[in-house]
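Examining the three-dimensional arrangement
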Amino acid sequence: MSVAQIAQGAVPAGARRAAKRDWTFVVALAVLAVVVIVAVAGPWLAPYDPYELYVGPVNSAPSAAHLFGADDLGRDILSRVLVGAGASVFAPVVVVLLSTLLGVGLALAAAWFGGWVSGGIARLVDVIFAIPGLVIAVLAVTLFGKGLVAPVVALAIAYVPVVGRLTRTAASRELGKPYIAALRVQGVSSLAICFRHLVPAMIPIVAAQMAVGFGYAMLDLAAISFLGLGQQPPAPDWGSMISSGQASILAGAPEQSIFPAILVVVTVLAVGIVGARVTVWAEEKER
Amino acid sequence: MNTLTRMLLGRLGGLLLTLLLASIVIYSAVLLTGDPIAALAGGAKPTPELIAEIRAEYHLDDPVWQRYWEWLTGAIQGDFGRSFVYKTAVTTLVAPRFAITLQLVLLTVVLILVFGVGSGILAATRGRAVDRAVATATSLGMALPTFVVAILLIWIFAKSLGWFPVYGEGDGVWDRLWHLVLPAISLAVLFIAYISRVTRSALVAQLHSEHVDTAKVRGIPRRRVFGAHVFRNASPQILAIAGTTIAGLFAASAIAEVAFGLGGIGSLLVQAAARADLPVVQIVSLLLVTIFVVLNAAADLVSALIDPTSVEGGALA
């Protein structure tokens, strides 16, 4: 067993077992459905204007009027969490889509051209891999300014090595199968093999990777917002709410940090369970 | 030249090339912005004097490759340039802060190895109930990022119970350690869960292998089978992943440092990024990348020394 296999098998070991129990999967899917609805419809669901100051008592605990309480500036925490869901959920989606596009593109190019192109791409991927994702994001923020755009692009680039290597391995394995050789013998063109057989065969593996990647992207972006380099105040986002609530914790009002933190954890757990299920599904298809 | 020496030389060459290319990326990224003077000035207002000063300091009239080379050779000799935001040599900013980050990371590594490897061993050897309990705990742990654990610890142990300080790094050995406990836990939780899974997975793979069955059948005591066969054969794989994890801690430490107001290089990096202080960000990034790459290579090397067969294929493939 190689290190990569152990690393891969180790991540969802328990989650893999959990994914076999249907109710966990159903609950996780339901949680994700709610999160997506909130992310899309947050602004309409919010009971208050998330930017309006002093709609409730400063640093107040949950009450009938403010279900999640009010923050250090008297803003309604529930409204801010609902509106902030948009950036917190869709920014990681963009990271995953961009990195998959880049990673799969580079992997296919490497497999297609081989030779020095493949070598150059491998070297590039090694260099990106040598720079921790957080460092790439911080460098991007320094050059292009705070906000979500620079970190999203930076993380997409940082995730390329993982996506690229996985796709490359899966593509080589698929290309080694007898049916590909059979198609070649029959005179089917390489281009047709690539797009009609290779790409469709890899969809389950890439989908599983995207689900797992979303969880990581969400945690990384929330961390960057927590550090004050992502979503800028007063615009809400779960990571920045957690960090701006730190002063309130010391004042005895943890709600401003705790509620968005719970949402991050629950969303990531749900994505993990669904991701493990998709991985199992992809592996079963592989056989 | 034997396989191991050849592998070492190849690794060293690859390591230096990767570092060189990464340093080029870090240095030349500024060209993407189109206006290096604004980037180098950071938050400072670019007065004509400052622009002239920056031009002189960074030799902006020289060709870019020459500037890069001077930056790199300077950095290797410990000359990290000047910060225009802090108005001081970058070296004097980095040196004292690096010690704090190093101490935090070391404490975190101890926690990860003791609790991560420890719970992994328990999960693999103490029956189903323990295995299931550890699996549940690690499932939760892997969804608990540093910033969430940090605010929970601040809320419970610093604010409500008042057992630990909320902020700062403290003076003296014991006070420092006392200040680093909560940050280290916040940084360790996710990785404890991860290493626990890796350890369990590697051990279970060994426990089910033929040579372990053979050893048991021959009547070798369980403890000895575990030490001499199971753990020894699983350790290169555990070490390789633990090494990568530890290498990443130096960058991840920024989150714990910011949450607990520790003046390490991570929080320096974040402050510098927020103020667009490019010279500081470049040097700290280069430092973090060097640590990351060197520690990763070291983990590979240790794995190779324990299990020479991993040189061909196996852990290094």
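The structure presented is a predicted model; accordingly, all values stated were derived computationally and were not measured.

Things to note about the interface of chain A and chain B
Contact with chain A, which involves 48 residues of that partner, is made by 56 residues of chain B. For the pairing of chain A and chain B, the buried interface totals around 4,500 Å² over both sides, and the portion due to carbon and sulfur atoms is 81%. Applying the counting rule to chain A against chain B returns 0 salt bridges. Here chain A is connected to chain B by 2 residue pairs in polar contact (both at pLDDT 80 or more). Secondary structure elements with two or more residues in the side of chain A that touches chain B: helix H1 (3-10), helix H2 (13-20), helix H5 (115-130), helix H6 (133-144), helix H9 (190-226), helix H11 (246-250) and helix H12 (255-286) of chain A. At 8 residues, the largest contribution of residues to the side of chain A that touches chain B is made by H6 of chain A.

Re the packing of aromatic side chains
Under the counting rule described, the total for this entry stands at 3 aromatic pairs over all chains. Ring geometry for Phe-98 of chain B versus Phe-250 of chain B: centroids 6.5 Å apart, planes at 15°, classification stacked. Of the two residues, Phe-98 of chain B sits in helix H5 (residues 90-125) while Phe-250 of chain B sits in helix H10 (residues 222-259), which places them 152 residues apart along the sequence. Judged by its relative accessible area of 8%, Phe-250 of chain B is buried. In this structure, Arg-277 of chain A is placed above the aromatic ring of Phe-25 of chain A, and the distance from its NZ or CZ to the ring centre is 4.5 Å.

A few points about the side chain of Thr-146 of chain B
Within the secondary structure, Thr-146 of chain B sits in helix H7 (residues 146-160). Residues in contact with Thr-146 of chain B, not counting those within four places in the same chain, are Ser-186, Leu-187, Ile-255 and Ala-256 of chain B.

As for the nonpolar core
One finds Phe-226 and Leu-229 of chain A together with Trp-71, Phe-147, Val-284 and Leu-288 of chain B to be the most contacted residues of the largest nonpolar core, which totals 158 residues. Counting only domains with at least three residues in this core, you end up with domain 1 (3-76) and domain 2 (91-307) of chain B. Every residue in contact with Trp-71 of chain B, bar those within four places of it in the chain, is listed here: Ser-23, Ile-26, Tyr-27, Gln-282, Ile-283 and Leu-286 of chain B. Core analysis: the next-biggest nonpolar cluster, separate from the first, contains 5 residues, Ile-37, Ile-54, Leu-60 and Phe-84 of chain B among them.

Considerations on the packing of H7 of chain B against H10 of chain B
Residues and elements named next belong to chain B. Close contact between H7 and H10 brings their axes to 9 Å; oriented N to C, the two are set at 25°. Taken together, the axes of H7 and H10 lie roughly parallel to each other. For the element pair H7 and H10, the recorded crossing hand is right-handed. The residues of H10 that touch H7, namely those facing Thr-146, Phe-147, Ala-150 and Ile-154, are Ile-255, Ala-256 and Ala-259. Here the contact of H7 with H10 is composed, by residue class, of 6 nonpolar, 1 polar and no charged.

A word on the environment of Thr-167 of chain A
All names here are of chain A. Tracing the backbone through its elements, the reader meets Thr-167 in helix H7 (residues 149-175). Once the C-alpha coordinates of Thr-167 and Gly-187 are considered, the two residues, 20 residues apart in sequence, prove to be 25 Å apart. In contact with Thr-167, other than residues within four places in its own chain, are Val-104, Ala-107 and Met-202. Within the structure, the side chain of Thr-167 is placed 2.5 Å from the backbone oxygen of Val-163, a separation counted as a polar contact.

Overview of unusual backbone geometry
In this structure, Pro-234 of chain A follows Pro-233 of chain A across a cis peptide bond, with omega equal to 10°. Of note, Ala-276 of chain B is a non-glycine position whose phi angle comes to about 55°, a positive value. Among the structural elements, Ala-276 of chain B can be located in the loop between helix H11 (265-274) and helix H12 (278-306). Residue class for Ala-276 of chain B comes out partly exposed when judged on its relative accessible area of 23%.

Cut-offs applied
- Residues numbered from 1 in each chain as written.
- Chains lettered and ligands numbered in written order.
- Predicted model: local features only at pLDDT ≥ 70, side-chain atom pairs only at ≥ 80, totals over all residues.
- Heavy atoms only, no water.
- Contact = heavy atoms within 4.5 Å.
- Buried area = accessible area lost by both parts, 1.4 Å probe.
- Salt bridge = Lys/Arg side-chain N within 4 Å of Asp/Glu carboxyl O.
- Polar contact = N/O pair within 3.5 Å; in protein donor to acceptor, adjacent residues only side chain to side chain.
- Helix = DSSP H or I, 4+ residues; strand = E, 2+ residues; numbered from the N terminus.
- Phe/Tyr/Trp six-rings, centres within 6.5 Å; stacked < 30°, edge-to-face > 60°.
- Buried < 20%, exposed > 50% of the residue type's maximum accessible area, 1.4 Å probe, protein only.
- Lys NZ or Arg CZ within 6 Å of the ring centre and 35° of its normal.
- Core = buried A, V, L, I, M, F, W, Y, C linked by side-chain atoms within 4.5 Å.
- Domains from an automatic or database assignment.
- Axes fitted to C-alpha atoms, helices over the stretch in contact; angles between N-to-C directions.
- Parallel < 35°, antiparallel > 145°, perpendicular 65-115°, else oblique.
- Left-handed = near helix turned anticlockwise from the far one by under 90°.
- Nonpolar A, V, L, I, M, F, W, Y, C, P; charged D, E, K, R; others polar.

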